[in-house]
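Structural description and commentary
Residue strings, one per chain:
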Amino acid sequence: MAADEQLIAAGTTPARAPLWRDAKIRSLFYQALTLILLAAGIGYLAYNTVTNLEQRGIASGFRFLEHPTGFGVLFTLIEYSEASTYGRAYIVGIVNTLFVSAIGVVLATILGVTMGVARLSSNWLVAKLATVYVEVVRNIPLLLQILFWYGVFQQLPSLRQSVNFGDAIFINLRGIYLPRPIFESGAEWILAALIVGILATIGMTKWAHRRQDLTGQQFPLFQASVALIVGLPVLAALVTGLPVSFDYPELKGFNFRGGMVILPELMALALALTVYTAAFIAEAVRAGIQAVSRGQTEASYSLGLRPGPTLRLVVFPQALRVILPPLTSQYLNLTKNSSLAPAIAYPDLVHIFAGTVLNQTGQAVECIVLTMAVYFTISLLISAFMNWYNRRIALVER
Amino acid sequence: MTVVHTPAPSLPPPTSEIGVLGWLKHNLFSNWYNSVLSVLAIYLIYLVVPPVITWAIIDSNVLGSSKDDCTGGGACWVLVTHRWQQFLYGFYPAEERWRVNLGIFLGFAALFWVLAEGTPWKKYVTLFLCLGYPFVAFFLFAGGYFGLVEVETNKWGGLYLTLVISGVGISTSLPIGIVLALGRRSDMPVIRMLCVGFIEFIRAVPLITILFMAAIMLPLFLPPGTNFNLLVRVLIGVSLFSAAYMAEVVRAGLQAIPRGQYEGAQALGLNYWKMMGLIILPQALKISIPNIVSSFIGLFKDTTLVLIIGLYDLLNITQLAVTDGKWLGLANEGYFFAGATFWVFCFGMSRYSVYLEHKLHTGH
């Protein structure tokens with residue numbers, strides 16, 4: 001500084017640093033170099049790919065999505081046959097992936113929160129059992145657990161020796177056979193009643209919260225919600241004269257006819273995902289609850305709240321802010337982990353598209369890119385939703 | 001005349017408050033629902049533990065040469081004991097297995113040497129582990145030089161292959177992850193965007209799609225006629241995948257370092273690499289150790305995914321054993337053994353990380 005001032009005083013400008021020591025120019029140079037190298041690399045790889053594809057006579061582009069597949073799928077929730085297009089098979093895969101993930105997310109949340117709370121239980125035995133569960137499940141690869149559960153379901157009795165519950169439910173190594181409800185005319189009223197019930201519950205919740213804020217009076221929200229959501233459809237069913245009948249599964253020859261079946265592949269995958277992810281959720285829940293200071297619990301006790309309401313009304317809402325980010329990433333992990341389905345041939349997106357379709361068409365690049373695109377989109381959507389939700393429940397500070 | 005008041009001696013606490021009874025009362029039967037829970041828990045333990053012990057130990061058969069040797073009605077560990085070489089080495093030729101033993105032993109010995117306390121010449125052993133060992137291990141395992149017979153990688157398998165994949169993954173993902181994390185926090189927008197794009201892309205897709213990419217798409221990217229080893233492709237996939245996760249772990253550590261540390265280093269006249277290498281990274285890595293280790297554990301578990309693209313790691317060897325026509329019906333034994341092996345490694349790593357956390361907690 002002093003030297004600069006002297007120089008300026010002497011009427012000269014300080015000598016400029018040489019070009020290669022100028023931070024700005026150096027940074028520009030490095031960035032340009034990176035871009036050039038990257039472009040060259042991508043160009044090289046793209047050139048190779050095009051040459052390779054030409055040599056092997058593999059078509060490129062997405063036209064194949066309109067061609068018929070010619071293969072059947074073990075399990076679909078939407079209409080699909082061998083005459084359907086590859087595009088349709090893609091949708092089937094996405095739906096199946098989302099289906100098993102949704103089941104996993106709901107069940108893992110229930111089990112995980114239970115186990116997380118149990119780990120902090122004052123009951124020594126319960127806490128230790130939950131710890132053992134978490135430590136065992138967390139440290140064994142998920143794929144092994146999926147194969148294990150699949151093996152367990154394969155040890156169920158054969159078709160003829162099915163476990164029979166009142167000729168309506170059969171359990172055997174092909175899955176669980178359940179009666180399938182058939183909706184006759186008039187059944188739409190039940191659906192309408194269910195929707196009305198849900199909407200009414202949402203409205204009632206808002207009204208009850210406002211009333212509690214204004215007057216301090218509480219409203220039996222839970223009981224009223226159950227009455228609305230379960231009661232209204234039941235009432236509608238009774239009024240319209242029970243327009244639902246059941247198609248019972250029946251053993252005919254070598255297979256069951258009628259009814260509907262929950263496949264062992266689906267059960268094994270959903271169960272393994274649930275048990276595995278729940279262990280991680282339990283850890284997140286435990287950490288979240290422990291992050292709420294002990295004073296909150298004590299203050300709540302001294303206000304006369306019992307342990308149950310204390311956990312529900314005081315500790316948990318505060319812990320939720322800590323729990324939510326890791327919980328989101330566990331949901332995301334669960335969705336991504338559902339891609340292990342090919343190991344037991346549950347027809348998820350990876351099994352259908354990066355497996356069967358890829359083998360049939362040989363269009364590896366397109367199939368893998370399309371598969372990745374789905375997971376990429378799901379992750380972006382979940383993180384966007386969770387960011388929004390996070391902001392909504394974030395602490396409002398002064 | 002003064003009366004000295006001598007208080008009566010204190011009574012012992014009631015017997016229901018101390019000792020075993022007291023402990024039971026406080027920890028298991030403090031109120032009615034805790035008592036119900038305890039009874040349920042004891043019933044659950046009674047339902048699970050004795051049958052499992054009977055199955056796994058009391059009624060089990062350990063030695064033999066075929067399924068018929070299992071007469072106890074419990075677990076048939078013959079599956080494992082008869083095929084233990086396959087479980088450990090896969091299809092590695094029997095007369096060359098000493099090379100695997102030596103290589104793995106060298107690796108673990110050097111690792112323990114470095115991690116243990118109070119061993120001399122730590123610096124040189126670390127240097128050997130980082131620079132020398134990879135080459136030694138490569139020549140030992142693959143062979144083809146120095147008079148060693150070449151063993152193709154498709155013969156590698158079992159626990160050995162699991163250790164190779166996770167070892168390579170662990171040792172490459174940390175440095176790549178650190179570079180990515182530094183790139184993500186760089187001032188240069190191009191570098192930053194590239195790193196963010198790479199990390200977020202990899203983290204958004206499942207490992208299995210990356211492995212498919214490595215197995216199926218990578219050969220398409222290379223000049224026609226290049227033959228590229230499947231194991232090497234898988235290793236590249238696994239390393240890049242775990243590097244993205246490692247980058248996020250390291251970034252969290254970097255973000256936790258107060259700004260004053262950066263400014264202090266700059267005030268001392270250190271350049272970027274010296275500042276990072278000497279001041280910031282040592283602190284950042286120290287606080288991220290628990291997360292780094294849990295990333296390692298995740299990677300170790302994820303190595304099982306190579307089963308889907310047809311490499312014979314420990315899990316796939318187990319799968320092979322339990323679907324073998326001569327050994328059908330022994331799935332529980334196979335999975336139990338493989339699960340226990342994975343568990344020992346993962347639980348060991350997590351315990352070590354807890355220990356390290358306590359040791360390094362020099363707290364302020």
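Presented here is a report on the structure given in the accompanying data block. (Residues numbered from 1 in each chain as written. Chains lettered and ligands numbered in written order. Predicted model: local features only at pLDDT ≥ 70, side-chain atom pairs only at ≥ 80, totals over all residues. Heavy atoms only, no water.)

A look at the interface of chain B and chain A
Taken residue by residue, the interface counts 55 residues in chain B and 51 residues in chain A. Both faces combined, the contact of chain B with chain A buries some 4,600 Å², and carbon together with sulfur accounts for 73% of it. On inspection of chain B and its partner chain A, the count reaches one salt bridge. For Arg351(B), the salt bridge goes to Glu135(A), with nearest N and O atoms at 4.0 Å. At the junction of chain B with chain A, the criterion picks out 15 residue pairs in polar contact (both at pLDDT 80 or more). At the level of secondary structure, the elements contributing two or more residues to the side of chain B that touches chain A comprise helix H1 (19-27), helix H2 (32-58), helix H8 (189-204), helix H9 (207-221), helix H12 (272-302), helix H13 (314-322) and helix H14 (331-360) of chain B. A breakdown of the residues in the side of chain B that touches chain A according to their chemical character gives 42 nonpolar, nine polar and four charged. (Contact = heavy atoms within 4.5 Å. Buried area = accessible area lost by both parts, 1.4 Å probe. Salt bridge = Lys/Arg side-chain N within 4 Å of Asp/Glu carboxyl O. Polar contact = N/O pair within 3.5 Å; in protein donor to acceptor, adjacent residues only side chain to side chain. Helix = DSSP H or I, 4+ residues; strand = E, 2+ residues; numbered from the N terminus. Nonpolar A, V, L, I, M, F, W, Y, C, P; charged D, E, K, R; others polar.)

So, the packing of helix H5 (residues 142-154) of chain A against H14(B)
Viewed as axis vectors pointing N to C, H5(A) and H14(B) meet at an angle of 160°, and their least axial separation amounts to 10 Å. As judged from the angle between their axes, H5(A) and H14(B) are roughly antiparallel. Relative to H14(B), H5(A) is oriented so that their crossing is left-handed. Of the residues in H14(B), those in contact with Leu144(A), Leu147(A) and Phe148(A) of H5(A) are Asn332(B), Tyr335(B), Ala338(B), Gly339(B) and Phe342(B). Its residues assigned to classes, the contact of H5(A) with H14(B) comprises six nonpolar, two polar and no charged. (Axes fitted to C-alpha atoms, helices over the stretch in contact; angles between N-to-C directions. Parallel < 35°, antiparallel > 145°, perpendicular 65-115°, else oblique. Left-handed = near helix turned anticlockwise from the far one by under 90°.)

A short note on unusual backbone geometry
The phi torsion of most residues other than glycine is negative, and most of the peptide bonds are trans. All names here are of chain A. You will see that Ala-345, though not glycine, has its phi angle at about 65°, which is positive. Its location among the elements puts Ala-345 in the loop between helix H10 (307-337) and helix H11 (349-361). Judged by its relative accessible area of 32%, Ala-345 is partly exposed. (Buried < 20%, exposed > 50% of the residue type's maximum accessible area, 1.4 Å probe, protein only.)

As for the sheet that holds strand E8 (residues 260-262) of chain A
Residue and element names in this part refer to chain A. Strands sit in the order E1-E2-E3-E8 across an open sheet of four strands; the sheet is antiparallel. The open sheet has two free edges, formed respectively by strand E1 (163-165) and E8, since each of these has just one partner strand. Adjacent strand axes in the sheet meet at a mean angle of 20° when their direction is disregarded. (Pairing = 2+ DSSP bridges.)

Examining the packing of aromatic side chains
Residue and element names in this part refer to chain B. Tallied over the entire structure, the rule returns 26 aromatic pairs over all chains. Between Trp-32 and Tyr-33, the ring centres sit 5.9 Å apart and the planes meet at 85°, which makes this aromatic pair edge-to-face. Classification of Tyr-33 as partly exposed rests on a relative accessible area of 39%. Each ring, one from Phe-87 and one from Phe-337, has its centre 5.2 Å from the other, and the planes form 80°; the classification is edge-to-face. (Phe/Tyr/Trp six-rings, centres within 6.5 Å; stacked < 30°, edge-to-face > 60°.)

Focus: the pattern of salt bridges
Two side chains bearing opposite charge may form a pair once their charged atoms approach each other closely. Counted by the stated rule, this structure contains ten salt bridges over all chains. We note a salt bridge from Arg294(A) to Glu298(A), for which the minimum N-O separation is 3.7 Å. Within this pair, Arg294(A) and its partner Glu298(A) are both found in helix H9 (residues 294-302), separated by four residues, close to a single helical turn. Assessed through its relative accessible area of 56%, Arg294(A) is described here as exposed. The closest approach of N and O atoms between Arg184(B) and Glu200(B), which form a salt bridge, is 3.1 Å. With a gap of 16 residues between them, Arg184(B) in helix H7 (residues 158-184) and Glu200(B) in helix H8 connect regions that are remote in the sequence. Its relative accessible area of 14% is what places Arg184(B) among the buried residues.

So far we have only geometry, and geometry alone does not tell us how the molecule works.
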